[in-house]
Amino acid sequence: MSALLPWLDETAHMYTPLKAIVFITALVPLALGIWDGFHDALGANLVEEITFRSGRWTLRFLLITLAITPLRKCTGWSGVVRLRRMLGLYAFFYACLHFTTWLWLEQFFSWADILEDLGKRRYILVGFGTFLLLLPLALTSTHGMQKRLGGGRWKQLHQLIYLAAGTALLHFFWLTKADYRDPLIYLCVLTSLYILRLPALEPWITRLRSRLKPPTTRG
Amino acid sequence: MLIKNPEQIRASEITPEAIYLDRRRFIQRGIGTALLTAIPASLASAASRYSTTEELTRLKDITRYNNFYEFGTSKGSPGIHAGALSTHPWSITVSGACEHPGNYDLADLIKAAEVEERIYRLRCVEAWSMVIPWQGVPMGKILKRFAPTSKARYVAFRTLLRPAEMPGQRRDILPWPYREGLRMDEAMHPLTLIATGLYGKPLPNQNGAPIRLVVPWKYGFKSIKSIVSIEFTESEPPTTWNLQGPDHYGFYANVNPAVDHPRWSQKKERRIGDIFKRPTLPFNGYAKEVASLYTGMDLRKHY
Ligand code: HEM
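Computed from a prediction, not measured in an experiment: that's the story for all the values here.

Colleague: Even after reading the chapter, I still don't get the site of the ligand, so can you show me in this structure?
Modeller: Residue and element names in this part refer to chain A. The ligand sits among 21 residues. The nearest are Arg56, His98, Gly127, His171 and Leu175. One of the side-chain N or O atoms of Arg56 is found 2.4 Å from an oxygen atom in the ligand. Between the ligand and His98, the relevant distance is 2.7 Å, taken from a nitrogen atom to a side-chain nitrogen or oxygen of the residue. Sorting the residues of the shell around the ligand by element identifies helix H3 (46-75), helix H4 (84-106), helix H6 (122-139) and helix H9 (160-175) as the ones contributing at least two each.

This is how it looks when you write it as structure tokens:
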């Protein structure tokens, strides 16, 4: 059963030391933010800094999540796949912080202003759309939901992450005022991650891997 | 007026922010006359009627949160990189429609005795604001010396172009050098200031040392920094952000809550140090002084 449907593999939900390490590490940006907040180190414009940091970490975790499959292909380390769900949920966690900052500290829950912003500004709309794309993925991330949806449909649904990463980048490009260096770097990373997934590249990656040192089989 | 010229102020004379604030409190309460003698004379200026009594933004925030793309596009970059800029010697080229064009040394332009303090609100186009105690000279006083002719309908300014010391200029994020301009009546308005200091000290480099414009009723990007050229022109001069994004940034750029920036609303602003926003006032709260400059103009069109 688990060989056919690896995402139903009970062991995928088991505790491992690696998972614990990643779990704690992924909280470091939040901890640093809180620390900086208490030490007057978030700069003059606190709300803007929180928005920027949380937005960037959302994007980074999306990219890290999307890097799991290429990483497995390139290293042959299949255990890394077990980190994927947690990393994806962290992307959603930082997206929630980012979105809440906007709703609360930026708009003060003024629904008229919120609707106006959504209607008038494409980068806000695309950011919001990205959040809406991530929402069903987070909601169906539990073991129970995986089972209920069934492997095929669940997998199909979770392919939305490819779209979400794209719209997240569009959001970043559209909010940038003049200096496109940073969004371009993220674009390069995302494009490379997509290219590494191309089936056409698979034989090439396998050949490359066998020429380098033998794959680790940890995890 | 006892505020000294930047060059004449020694480090030992520089007043800590805390004393500066105390001094202001004394003055505001009108009870500090006797105590003022104990405070460095360079700061004992009378409050201008144009000054606001709102709470000052912290010096730390004024000097660490800057839009000065010549030193990088993030807010922290100018505070980090601007130290490398050398501002001595500094001269300013005056040209165009005036009777006394030429190359003027900074010390000849700004007479120490004329320097006064103005506490102004500064509203950035990015919907944040500060309250800054500037030291400077009303620009009208300075411009008059060059005897602009009847052809002078606008004044154009340019920032220093020195990529070796201004790393942001090595990349073409903006068409360098930075340019700004004012209509003649705006430039001559008593609120318009040429600033050489803030918080009683010479301007920090990241705030536009050694000499910058301060036009408090316009978005911050109009208040051009580190000026090396003043030119009197007959037609409206090109301005940097207007060249960069004509539908985002107009020539006038008067603070106007009724005209949104395409990327954000201008109805509210965040005063630096606050969490929540406050309403933005027309002309940044200086409507009484300047609204008459624009009678008959459609400010939605001339944003
Ligand atoms: C869920 C996916 C999202 C991602 C990956 C994301 C990512 C980002 C990134 C990378 C930045 C730029 C940070 C910087 O410049 O340092 C940013 C800024 C911003 N985002 Fe998002 N964002 C997302 C969703 C949203 C949503 C739902 C909203 C609000 C509806 C939003 C509103 C904003 C705002 C207002 C800014 C600041 C823009 C500025 O001041 O220039 N974002 N976001």
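Once the structure has been displayed, the description carries forward.
Colleague: Looking at this model, I keep getting lost on the confidence of the model for chain B. Mind explaining?
Modeller: Caution applies to low-pLDDT regions: their predicted coordinates should not be interpreted in detail. Residues and elements named next belong to chain B. Summarising the model, chain B shows a mean pLDDT of 86, and 85% of its residues fall at 70 or more. Every residue in residues 1-13 is under pLDDT 50, and counting partners more than four places away or in other chains gives 25 contacts. Residue range residues 26-44 is modelled with pLDDT below 50. Its contacts to residues more than four positions away, or to other chains, number 17 contacts. The ipTM for the predicted assembly is 0.75, set against a pTM of 0.83.

Colleague: Would you mind showing me how to read the coordination of the iron atom of the ligand here?
Modeller: Ideal donor angles around a metal are set by the shape: a four-donor tetrahedron calls for 109.5 degrees, a six-donor octahedron for 90 or 180 degrees. Residue and element names in this part refer to chain A. Protein coordination at the iron atom of the ligand comes from His98 (NE2) and His171 (NE2), with a distance range of 2.0 to 2.1 Å. Because the angles between the 6 donor atoms bound to the iron atom of the ligand fall within 87 to 179°, the donor set is best described as octahedral. Remark: His171 occurs in helix H9 and His98 occurs in helix H4; sequence separation between them is 73 residues. Residue classification places His98 among the partly exposed positions, given a relative accessible area of 22%. Judged by relative accessible area, His171 falls into the buried class, the value being 16%.

Colleague: Would you explain the pattern of salt bridges in this entry?
Modeller: Side chains carrying opposite charge are able to pair once their charged atoms draw close together. Going through the model one piece at a time under the given rule, you end up with 31 salt bridges over all chains. The closest approach of N and O atoms between Lys277 of chain B and Glu106 of chain A, which form a salt bridge, is 2.5 Å. On the criterion of chain membership, the pair formed by Lys277 of chain B in the loop between strand E11 (268-271) and strand E12 (278-279) and Glu106 of chain A in helix H4 is interchain, its members lying in two chains. What makes Glu106 of chain A partly exposed here is its relative accessible area of 24%. Residues Asp113 of chain A and Lys268 of chain B are paired through a salt bridge, measuring 2.9 Å at the closest nitrogen-oxygen approach.

Colleague: Looking at this structure, how should I read the sheet that holds strand E2 (residues 102-105) of chain B?
Modeller: Hydrogen bonds along the backbone pair up the strands of a sheet, which may run parallel or antiparallel. All names here are of chain B. Strand order in this open sheet of 5 strands is E2-E1-E10-E5-E6, and the pairing throughout is mixed. The sheet is open, and its two edges are formed by E2 and strand E6 (179-183), each paired on a single side. The average undirected angle you get between the axes of adjacent strands in this sheet is 20°. The sheet contact formed by strand E5 (residues 154-159) and strand E10 (residues 227-233) spans 6 bridges and is antiparallel. Following the sheet pairing, Thr159 is matched in E10 by Ile227.

Colleague: It is not clear to me how the pairing of strand E7 (residues 193-198) of chain B should be interpreted in this structure. Could you clarify?
Modeller: One face of the sheet, then the other: side chains in a regular strand alternate in exactly this way. Residue and element names in this part refer to chain B. Most of E7 sits inside the fold, with 6 of its 6 residues counted as buried. Bridge count between E7 and strand E9 (residues 212-214): 3 bridges; the pairing is antiparallel. Residue Ala195 lies in a different strand from E9, and its bridge partner there is Arg212. The pairing of E7 with strand E8 (residues 201-202) spans 2 bridges and is antiparallel. By the bridge assignment for E8, Gly197 is matched with Pro202.

Colleague: Mind showing me how you'd approach the side chain of Ser51 of chain B here?
Modeller: All names here are of chain B. Residue placement: Ser51 occurs in the loop between helix H2 (33-36) and helix H3 (59-64). Judged by relative accessible area, which is 18%, Ser51 ranks as buried. Here Ile119 takes part through its backbone nitrogen, which lies 2.8 Å from a polar atom of the side chain of Ser51. Setting aside residues up to four positions removed in sequence, Ser51 forms contacts with Glu117, Arg118 and Ile119.

Colleague: Just checking my understanding: could you explain the packing of aromatic side chains for this structure?
Modeller: The geometry of an aromatic ring pair is captured by two quantities: the separation of the ring centres and the angle between the planes. Residue and element names in this part refer to chain B. Tallied over the full model, the rule gives 28 aromatic pairs over all chains. Ring centres of Tyr104 and Phe146 lie 4.9 Å apart, and the angle between their planes is 55°; this geometry places the pair in the tilted category. Note that Tyr104 is positioned in strand E2 and Phe146 in the loop between helix H6 (139-145) and E5, a separation of 42 residues in sequence. Overall, Phe146 belongs to the buried group, its relative accessible area being 1%. On the basis of an interplanar angle of 90° and a centroid distance of 6.1 Å, the ring pair of Tyr252 and Tyr294 is categorised as edge-to-face. One end of the pair, Tyr252, is in the loop between helix H8 (240-244) and E11; the other, Tyr294, is in the segment after helix H9 (287-290), with 42 residues separating them in the sequence.

Colleague: Please explain the confidence of the model for chain A as it appears in this structure.
Modeller: Confidence in the prediction of chain A, expressed as mean pLDDT, is 89, and 90% of residues score 70 or more. Low pLDDT, under 50, characterises residues 1-9 of chain A; the stretch is placed with 10 contacts to residues that sit more than four places away or in other chains.

Colleague: Can you walk me through the environment of Val255 of chain B in this structure?
Modeller: All names here are of chain B. Relative to the helices and strands, Val255 is located in the loop between H8 and E11. Distance from Val255 to Tyr286, taken between C-alpha atoms, is 9.5 Å for residues 31 residues apart in sequence. If we skip the residues at most four places from it in the chain, Val255 touches Arg123, Trp217, Lys218, Tyr219, Thr280, Leu281, Pro282, Phe283 and Asn284.

Colleague: Help me understand the nonpolar core, please; the structure alone is not making it clear to me.
Modeller: Most often, soluble globular proteins keep nonpolar side chains buried together rather than apart. With 81 residues, the main nonpolar core has Ile110, Trp134, Phe157, Leu213, Trp217 and Phe232 of chain B as its most contacted residues. Those residues in contact with Phe157 of chain B, other than ones at most four positions away along the chain, are Met139, Tyr178, Arg179, Glu180, Gly181, Leu182, Leu213, Ile224, Ile227, Ser229 and Ile230 of chain B. With 39 residues, the next largest nonpolar core counts Leu62, Ala95, Ile124 and Leu190 of chain A among its residues.

Colleague: I would appreciate a short explanation of the interface of chain B and chain A in the present structure.
Modeller: It is common to give the size of an interface as the accessible area that goes away when the parts come together. Residue-level contacts link 28 residues of chain B with 22 residues of chain A. Around 2,100 Å² of area is buried between chain B and chain A when both sides are counted, 43% of it from carbon and sulfur atoms. If you sort the residues of chain B by the area they bury against chain A, Arg263, Arg270 and Phe276 of chain B come out on top, with a joint share of 29%.

Conventions we followed
- Residues numbered from 1 in each chain as written.
- Chains lettered and ligands numbered in written order.
- Predicted model: local features only at pLDDT ≥ 70, side-chain atom pairs only at ≥ 80, totals over all residues.
- Heavy atoms only, no water.
- Near = heavy atom within 4 Å.
- Polar contact = N/O pair within 3.5 Å; in protein donor to acceptor, adjacent residues only side chain to side chain.
- Helix = DSSP H or I, 4+ residues; strand = E, 2+ residues; numbered from the N terminus.
- pLDDT = per-residue confidence, 0-100.
- Contact = heavy atoms within 4.5 Å.
- Donors = N, O, S within 2.8 Å, 3.2 Å for Na, K, Ca; no water.
- Tetrahedral: all angles 85-135°; square planar, octahedral: opposite > 155°, others 65-115°.
- Buried < 20%, exposed > 50% of the residue type's maximum accessible area, 1.4 Å probe, protein only.
- Salt bridge = Lys/Arg side-chain N within 4 Å of Asp/Glu carboxyl O.
- Pairing = 2+ DSSP bridges.
- Axes fitted to C-alpha atoms, helices over the stretch in contact; angles between N-to-C directions.
- Phe/Tyr/Trp six-rings, centres within 6.5 Å; stacked < 30°, edge-to-face > 60°.
- Core = buried A, V, L, I, M, F, W, Y, C linked by side-chain atoms within 4.5 Å.
- Buried area = accessible area lost by both parts, 1.4 Å probe.

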